[in-house]
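Fold and contact review
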Amino acid sequence: MPGRLDGKVAVITGGCSGIGLATARRFAAEGARVVIGDLDDARGPGVADEVVGAYLHTDVTDEAQVQALFALAKDRFGSVDVAFNNAGISPPDDDSILTTGLDAWRRVQEVNLTSVYLCCRAALPYMLEQRRGSIINTASFVAVIGAATSQISYTASKGGVLSMSRELGVQFARQGVRVNALCPGPVNTPLLQELFAKDPERAARRLVHIPLGRFAEAEEIANAVLFLASDESSFITASQFLVDGGISGAYVTPLAE
C-alpha cells in the first residue's frame, strides 16, 4: 500500500526532538524525503540517516540559513512539497507580564514567530512555482484560550502564528498552497518535562483542565501533522487545527475514575 506522502519532500524545523522528531519519523514511514533544520548538530546527522533524508544546521531566526535549508530540499530532492515550521522555545524567564523582561520577550518572539515568517517566506516561492504545497505552522492551544499560569511572550507568539497562518492560507489558496496552524495541547516532550520538573504545581494545575486526563504524546501530534501534509486534507486551509485533548472546549472536566 503506497504511503500518503510518497514522492513528496518535506522540510521540518526543530526536527531533532519532540514533535519534530516524531513527525520526521512519521513522514519518512509514509514515503516522504525529509530535510531537517535544527541546532542540534550532535543528533541531527543521525536523525537524517534514520529517516534517509538530510540535515542542515539552521538557526531559524537567521534569514540566510532558513533560505539555505529550503534550497537544500529543492536542490537535493527536487521539490518543496511540505513545510512543517515547528521550531520553538518556552524558556523559564518567559512568565507573567509583570516579571518577563524585554530581552526574554524579544527572544521568544524571534524564535517562535519571526522564524515562522522566515520559513513561510522561504517555502512559498517553491510551492507557488509548483502550484502545490502544504505549510503547517506550529501554534498552540494557548493561541485560542487564556491561562493564569502565563508565559506571556510564548502565548503572544503563538497567537501571531495563528493569525499569520490564517492570512497566508487565504492569500494563496487559489494558487495551490494550503497553510494551516497546528494547535497542540500540552505534549509529553522534553521541553514540557523540563518545565514541569521544575514546577510540579504548575503541571498539576494544567493537567486537571484536560478532559482526556493526560498530556498528548508526540506521536499523536505527528499523526495530525501527517493529515495536514497529505492530500487527505485537500479542502483544509487557513484553519486552526486543534489537537488539544478537549481543553479548548471544556468548562468543567470529568472527575477522575
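Residues numbered from 1 in each chain as written. Predicted model: local features only at pLDDT ≥ 70, side-chain atom pairs only at ≥ 80, totals over all residues. Heavy atoms only, no water.

1. Describing the overall build of the protein chain
Helix and strand counts for the protein chain come out as 8 helices and 7 strands. Since a compact globule built from 257 residues should have a radius of gyration of about 18 Å, the 18 Å found for the protein chain is in line with a globular shape. Projected onto the principal axes, the alpha-carbon positions of the protein chain cover approximately 50 × 40 × 35 Å. For the protein chain, contacts bridging at least 24 residues in sequence account for 70% of all contacts bridging at least 6. With 22 positive and 29 negative side-chain charges, the protein chain shows a separation of 5 Å between the mean positions of the two kinds. (Helix = DSSP H or I, 4+ residues; strand = E, 2+ residues; numbered from the N terminus. Rg over C-alpha atoms; globule rule 2.2 N^0.38 Å. Contact = heavy atoms within 4.5 Å. Lys, Arg positive; Asp, Glu negative; His and termini not counted. Charge placed at Lys NZ, Arg CZ, Asp CG, Glu CD.)

2. Observations concerning the nonpolar core
Side chains of a nonpolar character, in soluble globular proteins, are inclined to be buried together. In this structure, Val-35, Phe-70, Met-127, Ile-135 and Val-177 are the most contacted members of the largest nonpolar core, which totals 31 residues. Every element with two or more residues in this core is listed here: strand S1 (9–13), helix H3 (63–77), helix H4 (102–130), helix H5 (152–171) and strand S6 (177–184). With 9 residues, H4 is the single largest residue contributor to this core. What Met-127 contacts, discounting residues up to four positions off in sequence, is Val-80, Asp-81, Val-82, Ala-83, Arg-132, Gly-133, Ser-134, Ile-135 and Val-177. Ranked by size, the runner-up nonpolar core spans 30 residues in total, among them Ala-32, Val-47, Val-51 and Val-82. (Core = buried A, V, L, I, M, F, W, Y, C linked by side-chain atoms within 4.5 Å. Buried < 20%, exposed > 50% of the residue type's maximum accessible area, 1.4 Å probe, protein only.)

3. Some thoughts on H5
Along its 20 residues, H5 runs 29 Å from first to last C-alpha, staying within 8% of the 28 Å computed at 1.5 Å per residue. Turning to H5, its buried residues number three or more, namely Ser-153, Tyr-154, Ser-157, Lys-158, Val-161, Leu-162, Met-164, Ser-165, Leu-168 and Gly-169. Looking at the buried positions of H5, the neighbouring elements they touch are H4, strand S5 (133–138), S6 and strand S7 (240–243). (Expected span 1.5 Å × (residues − 1).)

4. Digging into the packing of aromatic side chains
Applying the stated criterion to the full structure yields 1 aromatic pair. Residues Phe-227 and Phe-241 carry aromatic rings whose centres are separated by 5.8 Å and whose planes lie at 35° to one another, so their mutual orientation is tilted. Here the residue Phe-227 occupies a position in helix H8 (residues 218–229), and Phe-241 occupies one in strand S7, the gap between them amounting to 14 residues. Phe-241 gets classed as partly exposed once you look at its relative accessible area, which sits at 22%. (Phe/Tyr/Trp six-rings, centres within 6.5 Å; stacked < 30°, edge-to-face > 60°.)

5. Points about the sheet that holds S1
The strand order across the open sheet built from 7 strands is S3-S2-S1-S4-S5-S6-S7, with neighbouring strands paired in parallel fashion. If you trace the sheet from one side to the other, it starts and ends with strand S3 (54–57) and S7, each paired once. Direction aside, neighbouring strands of the sheet carry axes that sit 20° apart on average. The sheet contacts of H4 involve S1, strand S4 (82–85), S5 and S6, and relative to S5 the element is tilted by about 175°. Packed on one face of the sheet, H8 meets S4, S5, S6 and S7 and runs near 165° to S6. (Pairing = 2+ DSSP bridges. Axes fitted to C-alpha atoms, helices over the stretch in contact; angles between N-to-C directions.)

6. Overview of unusual backbone geometry
In terms of backbone geometry, most residues other than glycine have negative phi values and most peptide bonds are trans. Unusually for a residue other than glycine, Val-52 sits at a positive phi of about 55°. Its location among the elements puts Val-52 in the loop between helix H2 (44–50) and S3. Positive phi outside glycine occurs at Arg-131, with the angle close to 60°. In this structure, Arg-131 sits in the loop between H4 and S5.

7. Quick look at the side chain of Ser-165
In this fold, Ser-165 is placed in helix H5. According to the relative accessible area criterion, Ser-165 is buried, its value standing at 1%. Other than its neighbours up to four places away in sequence, Ser-165 contacts Asn-137, Val-179, Asn-180, Ala-181 and Ala-238.

8. Focus on the confidence of the model for the protein chain
Per-residue pLDDT for the protein chain averages 94, and the proportion of residues at 70 or more is 97%. Per-element mean pLDDT across the protein chain ranges from 69 in helix H6 (residues 190–198) up to 99 in S4. (pLDDT = per-residue confidence, 0-100.)

9. What to know about the environment of Phe-27
Structurally, Phe-27 is set in helix H1 (residues 18–29). Sequence separation of Phe-27 and Ala-229 is 202 residues, and the distance between their C-alpha atoms is 9.0 Å. Sequence-distant contacts of Phe-27, defined by excluding residues within four places in its chain, comprise Leu-5, Ala-10, Ile-12, Ala-32, Val-34, Val-82, Val-225, Leu-226 and Ala-229.

10. Things to note about the side chain of Ser-157
Relative to the assigned elements, Ser-157 resides in helix H5. Looking at Ser-157, the relative accessible area reads 0%, which means it is buried. With near-sequence residues (within four places) excluded, Ser-157 lies in contact with Val-108, Gln-109, Asn-112 and Leu-113.

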